[in-house]
Amino acid sequence: MGIAERYLQVRDEVAACCASCGRDPQAARLVAVSKTVDVPGAREAYAAGCRDFGENRPEQLAQKAAALPDARWHFIGNIQSRQIRHIVGSAHLIHSLFQIRHAEKIDRVAAELGKVQDVLLEVNVSGEASKSGCAPDEAAALLEACASLPHVRPCGLMTMAPQGDARIAAACFARLRELADDLRGQLDDEAADAFRELSMGMSEDWRQAIGEGATFVRVGRAIFSDVFNGA
Ligand SMILES: *Cc1c(COP(=O)(O)O)cnc(C)c1O
């Protein structure tokens, strides 16, 4: 199988998984994480119908977004202050915001570019040192800080689960959903309405994430690697 066939297979499996969990088949959107391939690889998925791509490097995000401008480009990587201009210039949605100073700079850059930047707050639910994100009990303060930034719109939460144990991953995703529900309660009606996305689940654990309410799954290897065998 090539990239296009794997993309279509994962897309269909995501829809079927949503349905089998009693959710709308379109409830979880597939973000194809194209960070391991160049523009031609991304183009293969695009030709198969993919319109949501994820990148973790700002230069790659900008380059591929320029090559495929009518797709939505999601930034899922580590944010560095000096690269925020590149990120905001190309990102449909930033999944990985967890520092107030970055939110403030995103707000300034987005204002200059005349856009409101949609963001997700990345939360380190598992507490693993290798994972980025704010601690769960820091998310409320970050969300509150964003409320005073008119060019930053928080749309929900993102996390990465520990690898290797489906039940631990599911518990991590359930906690992210509960945290999002709690946080929504602190928002006014309009902000609460925007705050409904849960970006969680990757090649090995997207099924668990859909079971716990994911609205975005970020899948890389299962689409772009010909050696990934699935979970
Ligand atoms: C690479 C990456 C993914 C995709 O991971 P796969 O295991 O290749 O599916 C998802 N989210 C983030 C933040 C990543 O960096």
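Residues numbered from 1 in each chain as written. Predicted model: local features only at pLDDT ≥ 70, side-chain atom pairs only at ≥ 80, totals over all residues. Heavy atoms only, no water.

Enquirer: Now, about the site of the ligand: what can you tell me, with residues and values included?
Expert: In the vicinity of the ligand, the residues found are Val33, Lys35, Ile76, Met158, Met160, Met202, Ser203, Arg218, Val219, Gly220 and Arg221. Arg218 places a polar side-chain atom, nitrogen or oxygen, 2.9 Å from a nitrogen atom of the ligand. Bound to the protein, the ligand loses 91% of the 390 Å² it would expose on its own. Residues belonging to the shell around the ligand are distributed by class as follows: six nonpolar, two polar and three charged. (Near = heavy atom within 4 Å. Polar contact = N/O pair within 3.5 Å; in protein donor to acceptor, adjacent residues only side chain to side chain. Areas by Shrake-Rupley, 256 points an atom, 1.4 Å probe, with all protein chains shown as cover. Nonpolar A, V, L, I, M, F, W, Y, C, P; charged D, E, K, R; others polar.)

Enquirer: Go over helix α2 (residues 39-47), please, and point to the residues and values.
Expert: Buried within α2 are the following residues: Val39, Gly41, Ala42, Ala45 and Tyr46. All buried residues of α2 lie within an arc of 160° about the axis, which places them on one face of the element. Seen from the open side of α2, the exposed residues pointing more than 90 degrees away from its buried face are Pro40 and Ala47. Where α2 is buried, its residues meet α1 (3-20), β2 (52-55), α3 (58-67), β3 (72-75) and α10 (221-224). Gly49, located one to two residues past α2, shows a positive phi value of around 115°. (Buried < 20%, exposed > 50% of the residue type's maximum accessible area, 1.4 Å probe, protein only. Helix = DSSP H or I, 4+ residues; strand = E, 2+ residues; numbered from the N terminus. Arc of directions from axis to C-beta. Contact = heavy atoms within 4.5 Å.)

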